[in-house]
Structure formats: C-alpha cells, structure tokens
Amino acid sequence: MSDRPVFYLETGRESELFAKAWEARLPLMLKGPTGCGKTRFVEYMAAKLGRQLITVSCNEDTTATDLLGRHLLIGGETQWTDGPVTRAVREGAILYLDEVAEARADAIVVIHSLTDHRRELFLDRTGETLHAPPEFMLVISYNPGYQRSMRELKPSTRQRFIGLGFGYPSTDIETRIVTGETEVDEKQARALVSIATKVRSLTELSLLESVSTRLLVDAAKLIRAGLPPRYAATVAIAEPLTDDPDALAAIKQVIELTL
Amino acid sequence: MFEWEENVFLGFRALYKRLVESPRERAASAVRVHLAPRRQQLFLLANMIAEKPVAVFETPNAVLCDHERVFLPPEFSLASTPEANECLFQLKTILGALAIKTRVADPKALLDEIPALVGRIAELQPFLGETNFWQLIGCADFSRANEPTHSKTLADILEAATQPENVTEIEGKGQTNVQVQLGDDDQPVEAEMPIHTFEKAETLEEYSGLDRKTDDEDELEDHAEALNKLDMKHVVRTRERPRSIYRSDIVMDGLSLDLGSDSPAGGIPYPEWDFKKQQHKPAWCHIQPRTQIEADAAWAQTTATKHRAIILELRKKLAALATQTQRAKRQPHGPELDIDAVIAAQVAQRSGHAPDERLYIQRQRRLHDVAALVLMDQSFSTDSWVNDARVLDTIRETLFCVGEVMDEFIETFAVAGFSSNTRRQCDFHLIKEFRDPWRTARARLGKLEADGYTRIGPALRHAQELLTRQSAENKVIFLLTDGRPCDYDRYEGEYGIRDVRKAIETGTRHGIMTHAFAIEQRAREHFPRMFARQHYDIVPNPKALAASMCGAFARLRLTS
C-alpha cells in the first residue's frame, strides 16, 4: 500500500452501496470489462473503510488448496499454512477475488459457505471451522461479455452475491479521471476519451478488444512526459489493442483526426 | 438480323476507344486507387467514427450514405495523385460515417464535428481540378440519409429456383435504389416484337429499359462492358433458370416480401428471434428434415485420391491432438505425483488415519466424449466461384477430408446441409446421421447440390435439438457458410445476424458450442457480429479450411 491516497472518482452511487453492503455483511460481485476501474474501486473502498485488503488474482489453475491453505512438510513435520482466503477470514479483511470465473469450479465452491448467513469457512485438512468476523467482506469480480461466454459464473454461485455493474465512465467523468491521474490538460484528456469512445464502438461489434480507462491514463502519462500526443496515443492505445494491420491503420486515422 | 450495323458500330466504338478513351484511361490508371485492398480498414474506420454499426457498400453512384451504410466507389482516379485518391476514400468514409452518426446532411455541420477535416479537404481540393469535393463524394444528395432500405444480392434473385448449367458469371458493380418486381413465371415467353424506343428515350437516365426475352443465349461476356454501364432501376425475380449470371450487390427500395399463409407449413416448427421486439416469434420457421440416400461412389473415390495429401496431414494433426492431454488431479494412476495429495496422505498417515491412495496426476485425452455436428450451407450463394473453384465443391470436398479423419477420432458425429426458401421451407438434409457409418455416408456428399437461400437460424436450432439427444459430455456444431444470413422473406441484414447470434447464445447455454468457418474474405464484416471471437475462422483457401477445422478442435475447451 502506498502512502498516497487512492484516486477514485465516483460514477454513480457505488461507494455508498459498497459501504452499506459491508455494514450489512453482504458479499459483492463487481461486473465489468477489463481496465474500467473495478480493482481501483476496491482498493479505494478498503482504504476508506480502513480495512486490510487481500487480493487474489484467479486463473484456471487456481485450486481450493491455493485459496484455503496447505500443509507443508518442514523437517519431517507437517505444518499448516493459511491460504489467502483463510487469512482474510481470520483477520477480518476485505477479500477480493479478481476474475473469479477463471478459477476452477472446486475453488469457487469453497467460498459458498462464506457467502450466506453462515459466513463460515470449513477447512477439511485441519478439521477447523472458521467464523468470519463482522468486518470481513467478500468481493469478487468478473468480466462478462459476449467474447468470453465460455467462462461464465454458474448461477448457483452468482446468485449468492449482490451485483454491481461497471461500465466505462461517461465522457466527462473519464476525462476527469485522466486529468486527475496524470495532470494532463483537459483538452487533451477529452481528445483521448473521444478516441476511446470511437474505438469502443468497434468493441460492440466484437471486432476488437476494448480500450480501458487504464490505457487512456497510460497515454496521458506519456503525453505528460513530453512525447508527441499522436505518438503517445498510438503506442498506448492502438498498438496494445490489436495486431491487425487494417484495424491499426483505422485507429491511427482516428487518432490523427482527434489529436 | 442487325449484324452488319452492329459490326460497324463496334468498329467505331473500338476506334473511339483507342483514340479518345485510352489516353484518358492511361492517365487515370497511374493514379487509380481501388477500394478492395483498403475496404476492411475503411469499414473499421466508419464504425469508429459513426460510433455504431455501419456497413460499407460498394457502388459507383455518387451518394454518400444511407441510414446505415457508407457508399464507396470501387475506385477513385479523379484526383491527380494516388495519395489524393486514397485521401478521397478516407474522407468519404469519415464524412459518410459522420452523417450517419449525426443524421445531418449539411457539410458545414459535419465539419463542425471534426474540425481537423477542414484542413484536409482544403489540402485535397487543388488535386481535384474543377471538380467540387462535396459533389464528388455525393454530399449533395442527402434525402436518403434517414430512410431504411433492404439489401440483398442480385445474384440471390437471379439464381432462384434451378441450377444453371454452362453459365457465365461476372461480378457487377453495386447498385442503389433498385426496385424488385415479381416475375410472372407461368406466362410463356412469346416471340419478341421489335419495339422502337429511340424517340422516347432521349438520355440513358430516362431510358428505363424494356422486357427482354428471358431465355436468351449465354452472351454475357460479350456484353459485360455494356452491363457495367447499366443502371439497375428495376429488376425482376423469377424462378426461371438463368443462362448467365450477373452478380452485383443492390440496395432495394421499399421491398416487402413477407409471406402470406398461402403455402402449407408442416415440418418441425422453430422460433425465430426478432431483435426489434426483443422476443422470439414462436413456431415461425419450419424445418423440413430430409435424409439423403443417393450417393456417388465414384465421386468419393476421386476425392479421396485427389486429396490424399491433405487427409494424411489432417490425420497427423488430429492424432497429435488426440494424444494431447489435460491434467486431472488426485487420480489412482498417472505419470506424475500430485503433491497436495501426497502431503494429505502423509498427514493422514501420521495422525493415524487411512491415507487416500489417489496420489497421481492423470493426463486425459482431450478429444474425449465429443459429439459433433457439421452443418454446411448449400444455398445458391455457395454456387458461386472463389479462387477458381465453386464454393460448394470446396465445401463438400473439405467436408470429405475432415470426415475421413473425424471418423477415427470422434465417437459421434453427424453431417447435414441446409438451405431455405422462406420460413416455411427450411430444408435440413441429413447426410450422415450420428449412427450412420462414415464409409457409407461419405459418398452422399457427391450428390449434394446448391439450392435456395441461407436461413442459418432454424438450421442451427434444429442441429442443437439433434445434439441435445446425444449423451456426449461435449457438444459442438461446426458451421460452414459464406457468412451472410439471407432468405427472401426479409431474413437479412441486422435481423438475420441477431437471429443467428441468439440461436448460438441459446446453444451455448445448453452446453453446445458453435464454431463457424468461411472461405470468403468478405465474411470478415459479418462473422464477428454473429460469432464469439475464437469461435470462427475465415480462411483464404480450401486447404486452409480443412486445417482450421482441425485447429478448432484444439481450441475446444473440453470439460473431460
């Protein structure tokens, strides 16, 4: 955790919702495309509520053992080591499972008992049952979308969470985010956001990955560091998105028209 | 009858061409820039600028756009340098897309949207000579910016009903503002009366043509040049067999061909998705299942010999895949130790419990427990030629090769073709049922012929229905098509695309994956909208098609 306060700009009533969910001990699911600010939001809220944040980035090899903990053999003795989920429950932290849909089914099932009224975690290896303290909160994120229909969350899992949909912020707010993060001047921030809006209309046709707010901020940082704006936008927005020469040429056209 | 006059005319025509047109032509060809190589780029650009789905439509008419398409000419050669002509393409695309976005026709208003354009147009004007930029890109005619039109390929209409034999086919220019009339098929063609029309038609624009005898000889090549000058204001839909095919994209005005209830329905009813109402139309389409039994053993033999190399290569690829594996932990046997299981067993043992003996990681075959259904488009559009081969031949030969190897590696698979003629007549030809042996089914591919239109939705739904009756863990549909959903009772454009998408989503929810293939590069504009990424392939030639079908197996995320 850095000393600098986390920069986050509200787009709706999400921080109010988060705080209320935390008070009511409800688990929360954040949905939204990559780079739209889900992780940043959780960091911001953890700081605001003064809780420790434990983040797990899930992938397809993430197993229940990875989450709960395992015995290690040390000098002929076995010793139990807590996994991140167990640690979060013990310490009453905010547990954030990023891209949870990527994890294997058995890994997702172990958190089920944490999500309902029981709020407990059963460790079959040690025979221990942990009760989550009131400060504990479970937050998961996943990236829905037409492109990734293979990795859906099962209804039995998703219906245990209240859902908060994240989209890309509106033009004005995104402009303020870009200026807030990088101190680039407003006109340039607005131009960057306008490029993003145009590229995102291709995303709707599923012709292209989307431009994240994160990439816009990167572009603005490069501009701020003194690179020519068009060049900065090309390397930070166009090139990371695609290798297709036609798409690259088209995006560069848009950049030239806008910056 | 008019032979010598015609010859004299052709002689003068050739002379004129050599003396006047050719020098002009030479000058133009030095600076000419074609649409084809930059079409995809301009298509993407248009979609970004408009910030909504926009199509690119090729037509020589100087019109900027309608409510959802930017019209671009096949080439620009008017400006004095290639760079300036290239720039014309870009500017017309940008302005067309802007007009679609803002629904405003006025040049000034468009320039306000993107001020950077003012400078660009000013830079371009000196290269255009006398020609006015705005007139050139068709920004004057904006009456049509908001009215919906229907698009369909003229070939679909010309190709109705029967297969042509010995036909010439040429690719024509795109046309806008076309009206379609239903031809009177029953009326016998009477001997032509010589009609004298020269007095009435003073200009080519005024001349709206007259009915010609429709069973002409195949003289298309001789008249190709004349046809390209043709403005198609009216076309006729008829069931007659064409002798020549003139293929061209058209935009139709006020076309309404919804069906009444005149023909008997029958068949298996399936719903169709209406994206405008966001609901299914229940029992809208009727699948007519047929089982094909005629076979052509000689064709099978020839094809097997002709493509032996491809089949061998595919076999090698699939064999490699079939042995490729996925890790499964805590198995009773396996080549690797599962470290977590070992530790758990240690713990159990030391604490006096019986240890679990499943200590290994097993590698399971990937192509395990799969049921696949290969669905091929046999509509008339597959009767056209890509890279000197008839698309239908390519498709069925590819299918033959893939079937040869699938038979060895996949327990259950079926092969079917589909075509349609309105929603009441959606034919589904089962070529190989799941239980049919491939050896007997493969020769049936040889008897396959092109027929009707491409209504993809009901065919997909029926294929899904057949697959749900299979017990395999993993179910997949392979769809081979030219990528444009189309049927002549308004199954086209956005409507068709959304219906296909809906059908696929429904399938995915029931655990049936769909993977699509096309050979035509033009499919790049429709495919991404219908199929999830990584769930389609567009390939340049048949050989690549077979390879990419096998590659699709590799990308299946199987659950076993």
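Residues numbered from 1 in each chain as written. Chains lettered and ligands numbered in written order. Predicted model: local features only at pLDDT ≥ 70, side-chain atom pairs only at ≥ 80, totals over all residues.

Turning to the interface of chain B and chain A, a few remarks are in order. Chain B puts 24 residues into the contact, and the matching count from chain A is 25 residues. Of all the elements in the fold, those that place two or more residues in the side of chain B that touches chain A are helix H2 (39–50), helix H11 (339–350) and helix H16 (527–530) of chain B. Broken down by element, the side of chain B that touches chain A gets its largest block of residues, 7 residues, from H2 of chain B. (Contact = placed C-beta atoms within 7 Å. Helix = DSSP H or I, 4+ residues; strand = E, 2+ residues; numbered from the N terminus.)

Further remarks concern the packing of helix H1 (residues 14–24) of chain A against helix H2 (residues 38–49) of chain A. All names here are of chain A. Across the interface, H1 lies against H2 with an axial gap of 11 Å and an inter-helix angle of 60°. As far as their axial angle goes, H2 and H1 are oblique. The hand of the H1/H2 crossing is right-handed. Contacts between H1 and H2 involve Glu14, Ser15, Phe18, Ala19 and Trp22 from the former and Phe41, Met45 and Leu49 from the latter. Of the residues assigned to the contact of H1 with H2, the class counts are 6 nonpolar, 1 polar and 1 charged. (Axes fitted to C-alpha atoms, helices over the stretch in contact; angles between N-to-C directions. Parallel < 35°, antiparallel > 145°, perpendicular 65-115°, else oblique. Left-handed = near helix turned anticlockwise from the far one by under 90°. Nonpolar A, V, L, I, M, F, W, Y, C, P; charged D, E, K, R; others polar.)

Residue and element names in this part refer to chain A. Taking 1.5 Å as the rise per residue, helix H12 (residues 245–258) with 14 residues should run 20 Å; its terminal C-alpha atoms sit 20 Å apart, in good agreement. For H12, the full list of buried residues reads Ala247, Ala250, Ile251, Val254, Ile255 and Leu257. Burial along H12 is one-sided: seen end-on, the buried residues are contained in an arc of 165°. (Expected span 1.5 Å × (residues − 1). Buried ≥ 20, exposed ≤ 12 C-beta atoms within 10 Å, placed from the backbone. Arc of directions from axis to C-beta.)

Time to look at the sheet that holds strand E8 (residues 137–142) of chain A. Residues and elements named next belong to chain A. Read across the open sheet, the 5 strands follow the order E2-E5-E8-E1-E9; overall the sheet is parallel. The strands lining the two open edges of the sheet, one partner per strand, are strand E2 (53–57) and strand E9 (162–165). Within this sheet the neighbouring strands show an average axis-to-axis angle of 20°, counted without direction. Note that strand E1 (residues 28–31) and E8 share 4 bridges and pair parallel. Bridging across to E8, Met29 finds its partner in Ile140. Together, E2 and strand E5 (94–98) form the strand contacts of helix H4 (residues 84–91), whose direction differs from that of E2 by roughly 165°. (Pairing = 2+ DSSP bridges.)

Bringing the sheet that holds strand E11 (residues 268–274) of chain B into the picture now. Residues and elements named next belong to chain B. Strand order in the open sheet made by the 8 strands is E11-E12-E20-E19-E16-E21-E22-E23, with mixed pairing throughout. Two strands close off the open sheet at either side, each with one partner strand: E11 and strand E23 (536–538). Direction aside, the axes of adjacent strands within the sheet are offset by 25° on average. Here 6 bridges tie E11 to strand E12 (residues 279–291), and the two strands are oriented antiparallel to one another.

Turning next to the environment of Asp296 of chain B. Residues and elements named next belong to chain B. Considering the arrangement of structural elements, one finds Asp296 in the loop between E12 and helix H9 (297–306). Take Asp296: there are 16 C-beta atoms within 10 Å of it, and that puts it in the partly exposed class. When the C-alpha positions of Asp296 and Ala441 are compared, they lie 10.0 Å apart, and in sequence the two are 145 residues distant.

Glycine aside, residues mostly have negative phi, and peptide bonds are mostly found in the trans state. A positive phi angle is found at Glu183 of chain A, which is not glycine, with a value near 60°. In this structure, Glu183 of chain A sits in the loop between helix H8 (171–182) and helix H9 (186–204).

Take the environment of Ala225 of chain A next. As for its position among the elements, Ala225 of chain A is in the loop between helix H10 (213–224) and helix H11 (229–241). For the pair Ala225 of chain A and Val184 of chain A, spaced 41 residues apart in sequence, the C-alpha separation works out to 9.5 Å.

For the rest of this paragraph, the subject is H2 of chain A. Because each turn of an α-helix spans 3.6 residues, side chains separated by three or four positions in sequence point in the same direction. All names here are of chain A. With 12 residues, H2 should cover 16 Å at 1.5 Å per step; its first-to-last C-alpha distance of 17 Å lies within 8% of that length. Listing the buried residues of H2 in full gives Lys38, Phe41, Val42, Glu43, Tyr44, Met45 and Ala46. One or two residues past the end of H2 sits Gly50, with phi positive at roughly 70°.

This brings us to the packing of H10 of chain A against H11 of chain A. Residues and elements named next belong to chain A. Put simply, H10 and H11 touch, their axes get as near as 8 Å, and they point 155° apart. Considering their axes alone, H10 and H11 lie roughly antiparallel with respect to each other. The handedness of the crossing between H10 and H11 comes out as right-handed. Judged by residue contacts, Leu215, Asp218, Ala219, Leu222 and Ile223 of H10 engage Pro229, Ala232, Ala233, Ala236, Ile237 and Pro240 from H11. A per-class count over the contact of H10 with H11 returns 10 nonpolar, no polar and 1 charged.

Right, let's talk about the confidence of the model for chain B for a bit. Keep in mind that low pLDDT regions are not for reading the predicted coordinates in detail. All names here are of chain B. Mean pLDDT over chain B stands at 75; residues scoring 70 or higher make up 72%. Mean pLDDT values for the elements of chain B range from 35 in helix H7 (residues 154–158) up to 92 in helix H14 (residues 456–468). For residues 141–169, every residue scores under 50 in pLDDT, and the model assigns this stretch 79 contacts once sequence neighbours within four places are set aside. Below pLDDT 50 for its whole length, residues 253–262 participates in 15 contacts with residues either more than four positions away or in separate chains. Confidence estimates for the predicted assembly give a pTM of 0.60 and an ipTM of 0.75. (pLDDT = per-residue confidence, 0-100.)

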